[in-house]
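Residue-level listing of the chains:
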Amino acid sequence: MTSKGKRFPLSLSSVVQQREGNASRFQSSASTQTAMRNIKHAAYWPGSAAKTTMSATGQASQSGGTISADVSRAVLVSDAVRKAMVARVAQQGVKDETVLAALEAVPRHLFLESGLASQAYVDASLPIGHHQTISQPYIVGRMLEILRHGAALDSVLEIGTGCGYQAAVLSLIAKEVYSIERIKALHELAKQNLRPMRIANIRLHYGDGMLGLPQVAPFDGIILAAAGLEIPQALLTQLKVGGRLIAPVGDRRQVLELIERVSHSEWRRTVIEHCHFVPLRSGVV
Ligand code: SAH
């Protein structure tokens, strides 16, 4: 299971250079915790631990050698635990190597508040504020595998950006990712989380995802990260013929549904498995 997937375009050194004006964040009085906060914004690159370590060390050692050692260790540890997380997702039945590589490549801990970062690689959904959650890695893998169906995806629409994690994973398996969030504060959080990663192929929108994005449609794939009682009609019509939509559907008892658009006027529905998601709501807040 190697990280063959596309990588975020930003090397750590460019982040570090960009942050040189902000070097006070790496002052010698900085605690390990401060260093971790800095690395939260600097070390994106999974699988490039050596490079990350060098750059982080170079920067941190300007102000304090012990921090650099802690930071290096933290980066290596997060790479290792992420690999273990992906191995568990694979054990649960996700086989698509492209999806597994994408999960391995995206540092989930960078999408969580620092108090929860240590739990980032547990296979669980976790709070991201505003009564919403970041999806469980297994379900992200499962949904993306079904969405991809072994084929390259051009444009994908995600409903429910949340903290931006799944959008980042999607950016590695689709050419263009559009993601809509209805809670302004979460839309802003996702922007803040994704901005330093400079992922060129994600477009974030603030709005009601139940309406889709008619100006960009049709999409090869549509993925909902929140469960409605039914799949919004607008989304069905914004799917390409041959396209796939994956969504949790239901209230207390929810199932994952796959919708395939088989012709202009025909959609095929397959129930995949039980699941548990936050509710899909209309309007914006
Ligand atoms: N993919 C996200 C998961 C977020 S949880 C992540 O990786 O973090 C689901 C999100 O769907 C919540 O942020 C919620 O606000 C959002 N949501 C619910 N109904 C929505 C709607 N109609 N349009 C857009 N977003 C919606």
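Residues numbered from 1 in each chain as written. Predicted model: local features only at pLDDT ≥ 70, side-chain atom pairs only at ≥ 80, totals over all residues. Heavy atoms only, no water.

Going by what an unreviewed UniProt entry lists, the chain is known as Protein-L-isoaspartate O-methyltransferase and is assigned to Undibacterium oligocarboniphilum. Under Sequence similarities (unreviewed entry), UniProt gives the following word-for-word description of the chain: "Belongs to the methyltransferase superfamily. L-isoaspartyl/D-aspartyl protein methyltransferase family." As stated in UniProt under Subcellular location (unreviewed entry), the record for the chain gives "Cytoplasm". (UniProt positions renumbered as here; feature names shortened; annotations may be inferred.)

S.K.: Explain the pattern of salt bridges to me, please; I cannot follow it from the model alone.
M.R.: Pairs can form between side chains of opposite charge once their charged atoms are near each other. The final tally for this structure, using the stated rule, is twelve salt bridges. For D154, the salt bridge goes to K175, with nearest N and O atoms at 3.4 Å. A residue pair is termed long-range when its members are at least 10 positions apart, and D154 in strand β3 (residues 153-159) and K175 in strand β4 (residues 174-181) qualify at 21 residues. According to the relative accessible area criterion, D154 is partly exposed, its value standing at 34%. Among the residues examined, K175 registers a relative accessible area of 58% and is labelled exposed. One salt-bridge network, in which partners are shared between bridges, spans R142, E145 and E273. (Salt bridge = Lys/Arg side-chain N within 4 Å of Asp/Glu carboxyl O. Helix = DSSP H or I, 4+ residues; strand = E, 2+ residues; numbered from the N terminus. Buried < 20%, exposed > 50% of the residue type's maximum accessible area, 1.4 Å probe, protein only.)

S.K.: Can you help me understand the site of the ligand in this one?
M.R.: As a matter of local geometry, the ligand sits amid 27 residues, with T133, E181, D208, G209 and R281 nearest to it. Residue G160 places a main-chain N or O atom 3.1 Å away from a nitrogen atom belonging to the ligand. R182 is positioned such that a nitrogen or oxygen atom in its backbone is 3.3 Å from a nitrogen atom of the ligand. Alone, the ligand offers 580 Å² of accessible surface; in the complex the protein occludes 99% of this. For the shell around the ligand, the leading source of residues is strand β2 (residues 132-134), giving three residues. Split into classes, the residues belonging to the shell around the ligand amount to 13 nonpolar, nine polar and five charged. (Near = heavy atom within 4 Å. Polar contact = N/O pair within 3.5 Å; in protein donor to acceptor, adjacent residues only side chain to side chain. Areas by Shrake-Rupley, 256 points an atom, 1.4 Å probe, with all protein chains shown as cover. Nonpolar A, V, L, I, M, F, W, Y, C, P; charged D, E, K, R; others polar.)

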